[in-house]
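Read off the chains here:
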Amino acid sequence: MSQGKYSITFLFSYAALFILLFSCQKQKKTYFESIALNDIKLSSPKPGSWRYNHDEKFQQFEDFQQSKKIKPEPGKNIIYLQPIGKFDELQRREIALTKEYLKIYFQLETKILPVLPNTIFPEKIKRISKEGQEQTLASYVLDSILIKRKPKDAVVLMGITEKDLFPRPEWNYIFGLASYEEGVGVTSMYRFANGYLTDSNFNESFLRLIKISSHEIGHMFGISHCMNANCVMNGTNSLSETDYHLARACSLCQRKLNASMHYNNKKRLLELKSFFEKQHINTELSLAKQDLNLLQ
């Protein structure tokens, strides 16, 4: 073989190898593209559901990027939980586990502040519902309690109360409410356990609490109601709708969250899997395992 032929053959081999490597690199999916295969398509909205009653715009990733939102920054990057009320042992355990979950979900340090008593609520912001239980005005909790008590190093502050909440006189109740500009929110444990938390309904109540808490904090970080897939960021009108929605954020909402937090996606997923396994939350555990399988 002549030197010229050898050089040409070598050149073609090098080019073929380069194309092969480039092709493999090009075909490699991102984390979000990979787990998108596990996104569960939303069904058509039914009468009474959130999407049936609300005409909302689909928030694309580009819309999220351009929106004004809270972001963690040095010296202001801690999630705080503010319990308000009189909590029994099971309720205190539920709050402690919620702290653990939110730390994993958002990959941010999360702390629980000392409990505030129910006496912090003045009589003028209370009412008795049609069902006979005492309710507290949610907007008062945000404006007159949480905003004033938000720690300087907090990125968000989430209140948790065992009292039922209502947002305004014409509404029966609300699961949670948040001020996205101020980075404060509140959620009630009351309806998650149908008024009384027991060992038998603990996991059901706890799953509802972490869904609503991560949903409201997700809003504070700029994520709108999700219309991409079955997702923790879907809007909800009822407990049955909350139960239907997953605690898992869909691939699009995870991409939005990661754009602000810049955490290691696989590390977060492994920690979520371990948490669900330890707490015997089987549906979410199965989804975490399916996501991990797609990353192999």
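Notes on the structure follow. (Residues numbered from 1 in each chain as written. Predicted model: local features only at pLDDT ≥ 70, side-chain atom pairs only at ≥ 80, totals over all residues. Heavy atoms only, no water.)

Next up on the list: unusual backbone geometry. Residues other than glycine seldom take positive phi values, yet histidine 262 does so here, at roughly 55°. Tracing the backbone through its elements, the reader meets histidine 262 in the loop between helix H9 (251-261) and helix H10 (265-279). Owing to a relative accessible area of 64%, histidine 262 belongs among the exposed residues under this scheme. You will see that histidine 280, though not glycine, has its phi angle at about 60°, which is positive. (Helix = DSSP H or I, 4+ residues; strand = E, 2+ residues; numbered from the N terminus. Buried < 20%, exposed > 50% of the residue type's maximum accessible area, 1.4 Å probe, protein only.)

A word on the sheet that holds strand S7 (residues 176-179). Pairing between sheet strands relies on hydrogen bonds along the backbone, with the strands arranged either parallel or antiparallel. Taken together, the five strands give an open sheet; going across it, the order is S2-S1-S5-S8-S7, and neighbouring strands pair in mixed fashion. Each edge of the open sheet is held by one strand with a lone partner, namely strand S2 (110-112) and S7. Within the sheet, the average angular offset between the axes of one strand and its neighbour, ignoring direction, is 20°. Here strand S1 (residues 78-84) pairs with S2 via three bridges, running parallel. Its bridge partner being in S2, leucine 81 is matched across the sheet by isoleucine 112. (Pairing = 2+ DSSP bridges. Axes fitted to C-alpha atoms, helices over the stretch in contact; angles between N-to-C directions.)

The subject of this paragraph is the sheet that holds strand S6 (residues 164-166). Strand order in this open sheet of three strands is S3-S4-S6, and the pairing throughout is mixed. Looking along the sheet, the strands with just one partner apiece sit at the ends: strand S3 (126-128) and S6. Looking at each pair of strands side by side, their axes are set apart by 40° on average, direction ignored. Two strands pair when backbone bridges link them, and S3 and strand S4 (residues 134-137) are joined in this way by three bridges, in the antiparallel orientation. Its bridge partner being in S4, lysine 126 is matched across the sheet by threonine 136. Contacts from helix H6 (residues 138-149) reach S4 and S6 within the one sheet, and its direction differs from that of S4 by about 45°. (Contact = heavy atoms within 4.5 Å.)

Turning to the packing of aromatic side chains, a few remarks are in order. Throughout the structure, instances matching the rule amount to twelve aromatic pairs. Centroid distance phenylalanine 61 to phenylalanine 64: 6.3 Å. Interplanar angle 35°. Geometry classified as tilted. Of this pair, phenylalanine 61 and phenylalanine 64 both sit in helix H4 (residues 61-66), three residues apart, which is roughly one turn of that helix. Consider the rings of phenylalanine 275 and phenylalanine 276, whose centres lie 6.1 Å apart with planes at 75°: the pair is edge-to-face. Judged by its relative accessible area of 4%, phenylalanine 275 falls in the buried class. The buried category is assigned to phenylalanine 276, whose relative accessible area is 4%. Of the aromatic side chains, those joined through ring pairs into one cluster are Tyr101, Tyr105, Phe106, Phe202, Phe206, Phe221, Phe275 and Phe276. For lysine 69, the ring lying beneath its charged end belongs to phenylalanine 64, and the centroid distance is 4.5 Å. Note that arginine 191 overlies the ring of tyrosine 173, its terminal NZ or CZ placed 3.7 Å from the centroid. (Phe/Tyr/Trp six-rings, centres within 6.5 Å; stacked < 30°, edge-to-face > 60°. Lys NZ or Arg CZ within 6 Å of the ring centre and 35° of its normal.)

Let us now look at helix H7 (residues 202-220). Taking 1.5 Å of rise per residue, 19 residues should cover 27 Å, and H7 covers 27 Å from first to last C-alpha, within 8% of that figure. Across the 19 residues that make up H7, a large majority, 17, are buried. Count one or two residues on from H7 and you reach glycine 222, which has phi positive near 95°. (Expected span 1.5 Å × (residues − 1).)

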